[in-house]
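# Structural description and commentary
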Amino acid sequence: MILTLCATVNLLLAFSGAAWSSTDNWPQWRGENFDSRSDETGLPVEFGPSTNLQWRFELPGPGGASPVVWDDRVFVTSIGGNNEILLICVASEDGRELWRQELKGKNLPSRDGGNSASPSPSTDGEHVWATSTAGFLECFDIDGKPVWSVDLQERYGKFQIQFGMTSTPLLDGDRLYLQLIHGSMRDRGVTSRGTVAAIDAKTGEEVWKHERQTDATFENKHSYASPIVVRDGDIEFLVTHGGDFVIGHSLDDGSELWRCGGLNSLENYNPTLRFVASPVYSSGGPGGDGMLVVPSAKNGPVIALKAGELEGDVTGDELARFWKLEKGTPDVATPVLANGLVFLARENGAMTCVDAENGKQVWAERMFADRHRSTPVVAEGRVYACGRDGTVVVIEASREAHVLARNELGEETLASPAVANGKIYIRTFQALYCFGE
């Protein structure tokens with residue numbers, strides 16, 4: 001009886017430990033639920049090179065990829081000293097390098113500090129997947145041993161995209177979802193023909209692919225956004241963003257379920273309104289309905305769609321949306337939601353807060369003197385936002401523009417923070433930082 005009781009207690013502890021571990025990780029860009037939100041507590045508000053610094057790991061070169069965390073390991077991609085592209089694994093406890101692997105292809109620098117280490121890696125605790133603008137998607141085991149590699153350009157066609165294919169693959173269960181939205185800018189007579197694909201994460205084999213068509217032309221054929229999965233009760237679909245449209249796809253075969261335009265005015269069409277910011281989903285929308293917040297680009301509109309009302313072409317269908325903000329979208333950073341509010345981090349350094357119920361502006365304040373490109377994260381009722389110059393502003397997620405702290409790292413960054421293990425991980429062009437109380 002005593003042995004049985006001990007075994008039961010040990011089994012319960014094992015299950016509770018596993019559950020704790022899964023919620024304590026940050027397995028991919030924007031976290032486990034693709035919404036840049038964390039339930040972590042005890043995070044520092046003030047931090048910097050001499051405040052609440054756990055460790056600093058010197059990186060071999062710059063990169064825009066965000067770090068991902070699983071238990072005792074942090075993964076990040078970076079450019080190396082010989083222009084190679086690297087996947088690096090660091091111990092989350094003390095910042096020791098555990099291993100590094102060179103990814104296939106060479107760095108292709110782009111304008112304004114961009115480079116091939118822009119898509120973020122992902123992990124499930126057993127494997128880690130990494131890609132770059134060079135177009136190779138690679139899988140390693142948790143100790144850095146290569147498992148498989150796929151040349152995406154050989155499989156799906158040569159990338160024709162102005163600043164490199166920076167879209168981050170989405171890990172969902174045993175699949176990786178890709179949106180490859182690109183095309184020739186010179187051939188204005190051809191509209192957008194992108195590829196959406198599902199890949200078996202364990203083998204690299206294609207599960208399905210779908211040709212994504214829109215009437216976008218010129219630079220709008222290019223998308224730097226990343227897909228998300230919406231899964232809420234009976235609602236389940238993949239969301240891709242680019243080519244003037246946001247589109248929902250079946251997870252079974254990639255077929256189109258719905259689409260929404262209205263992000264680029266047909267009356268005053270902007271041929272350079274390429275999308276960079278990605279959509280975000282919240283199950284706690286107005287009235288408890290699921291809300292998909294869809295940004296555009298270059299101060300264009302933001303649309304809040306009703307997830308339960310999406311079928312066919314819902315462009316202009318007011319019954320399919322909660323609201324539409326005619327202008328004020330973030331150009332690069334993905335929106336975040338918290339406490340019934342939507343936070344839009346504009347590229348010009350301004351933060352706009354709107355009411356999630358009706359889309360009306362609550363406040364707007366300039367947070368950064370420099371440009372803003374990093375997607376903020378939300379934790380403990382606070383918004384953590386990184387400016388290009390390395391200033392990390394911590395804002396109360398409330399109806400008042402209350403800045404709790406301005407933390408100066410003194411190093412440029414384009415990446416989004418990761419939150420795990422009661423710590424905040426931030427990568428700059430020079431280093432990977434871990435901050436904690």
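To keep things clear, this report deals only with the structure shown in the data block. Remember, predicted model here, so these are calculated numbers, not experimental data.

Parameters at a glance
Residues numbered from 1 in each chain as written. Predicted model: local features only at pLDDT ≥ 70, side-chain atom pairs only at ≥ 80, totals over all residues. Heavy atoms only, no water. 1 Å grid on protein atoms, 1.4 Å probe; cavity = no way out; pocket = protein on both sides within 12 Å on 5 of 7 lines; lining within 4 Å. Points joined across faces, edges and corners; volume = space filled by probe spheres on them. Helix = DSSP H or I, 4+ residues; strand = E, 2+ residues; numbered from the N terminus. Nonpolar A, V, L, I, M, F, W, Y, C, P; charged D, E, K, R; others polar. Pairing = 2+ DSSP bridges. Phe/Tyr/Trp six-rings, centres within 6.5 Å; stacked < 30°, edge-to-face > 60°. Salt bridge = Lys/Arg side-chain N within 4 Å of Asp/Glu carboxyl O. Patch = residues over 30% accessible without salt bridge, like charges linked within 9 Å, V, L, I, M, F, W, Y side chains within 5 Å. Areas by Shrake-Rupley, 256 points an atom, 1.4 Å probe, with all protein chains shown as cover. Lys, Arg positive; Asp, Glu negative; His and termini not counted. Charge placed at Lys NZ, Arg CZ, Asp CG, Glu CD. Core = buried A, V, L, I, M, F, W, Y, C linked by side-chain atoms within 4.5 Å. Buried < 20%, exposed > 50% of the residue type's maximum accessible area, 1.4 Å probe, protein only.

### Some thoughts on the layout of surface pockets
Its boundaries defined by the atoms lining it, the second largest pocket holds a volume of some 580 Å³. What lines the second largest pocket is a set of 35 residues, and nearest its centre among them are Glu32, Asn33, Phe34, Asp35 and Val229. Elements represented by at least two residues in the lining of the second largest pocket include exactly strand S11 (170-172), strand S15 (228-232), strand S19 (280-282) and strand S24 (336-338). It is S15 that provides the largest number of residues to the lining of the second largest pocket, a total of 5 residues. For the lining of the second largest pocket, a count of residues per class yields 15 nonpolar, 10 polar and 10 charged.

### Here we look at the pairing of strand S6 (residues 97-106)
The pairing of strand S5 (residues 84-91) with S6 spans 7 bridges and is antiparallel. In the sheet register, Ile88 faces S6, and the bridge partner there is Arg100.

### Points about the packing of aromatic side chains
Here the structure, examined in full by the defined rule, presents 10 aromatic pairs. Residues Trp55 and Tyr425 carry aromatic rings whose centres are separated by 6.2 Å and whose planes lie at 50° to one another, so their mutual orientation is tilted. Here Trp55 is found in strand S2 (residues 53-58), whereas its partner Tyr425 is found in strand S33 (residues 423-427), with 370 residues between them in sequence. A ring pair is formed by Phe75 and Trp99, whose centres lie 6.0 Å apart and whose planes are at 50°; its orientation type is tilted. Placement of Phe75 in strand S4 (residues 73-79) and of Trp99 in strand S6 is noted, with a sequence separation of 24 residues between them.

### Details of the pattern of salt bridges
In the structure shown here, the tally under the stated rule is 17 salt bridges. Among the salt bridges present, the one from Arg73 reaches Asp143, with a minimum N-O distance of 3.2 Å. With Arg73 in strand S4 and Asp143 in the loop between strand S9 (136-141) and strand S10 (146-151), this pair connects stretches of sequence that are 70 residues apart. The partner of Asp124 in a salt bridge is Lys202, with the nearest N and O atoms 3.7 Å apart. A residue pair is termed long-range when its members are at least 10 positions apart, and Asp124 in the loop between strand S7 (122-123) and strand S8 (127-130) and Lys202 in the loop between strand S13 (193-200) and strand S14 (206-213) qualify at 78 residues. Several salt bridges share partner residues, and in doing so they unite Arg56, Glu58 and Glu411 into one network.

### As for the sheet that holds S9
Through backbone hydrogen bonds, the strands of a sheet pair up, either in parallel or in antiparallel fashion. With antiparallel pairing, 4 strands are arranged side by side in an open sheet as S7-S8-S9-S10. Taken across any chain shown, the strands that pair with only one partner, and hence form the sheet edges, are S7 and S10. Of the pairings in the sheet, the one linking S7 to S8 comprises 2 bridges and is antiparallel in character. Residue pairing for S8: Thr123 is matched across the bridge by Val128.

### Overview of empty space enclosed by the protein
The tally for this structure, following the rule as stated, stands at 3 cavities of 30 Å³ or more. If you add up the space inside the largest cavity, you get close to 90 Å³. Lining the largest cavity are 14 residues, with Leu152, Met165, Ser167, Pro169 and Leu180 positioned closest to its centre. A per-element tally of the lining of the largest cavity places strand S12 (residues 175-180) first, with 4 residues. For the lining of the largest cavity, the residue count by class is 8 nonpolar, 6 polar and no charged. Taken as a whole, the second largest cavity encloses approximately 70 Å³ of empty space. Gln28, Trp29, Arg30, Phe34, Thr168, Pro169, Leu170, Ser226, Pro227 and Ile228 are the residues that line the second largest cavity. A per-class count over the lining of the second largest cavity returns 6 nonpolar, 3 polar and 1 charged.

### Notes on a negative patch on the surface
There is a patch of like negative charges on the surface, built from Asp289, Glu309, Asp317 and Glu318. Mapped onto the elements of the fold, Asp317 is located in the loop between strand S22 (312-313) and strand S23 (321-325).

### Let's talk about the nonpolar core
Counting 31 residues, the largest nonpolar core has Phe47, Trp55, Tyr384, Tyr425, Ile426 and Leu432 as the members making the most contacts within it. Sort the elements by how many residues they give to this core and strand S34 (residues 431-435) lands first, with 5 residues. Grouped together as the second largest cluster of nonpolar side chains are 29 residues, Phe34, Val294, Leu305 and Ala307 included.

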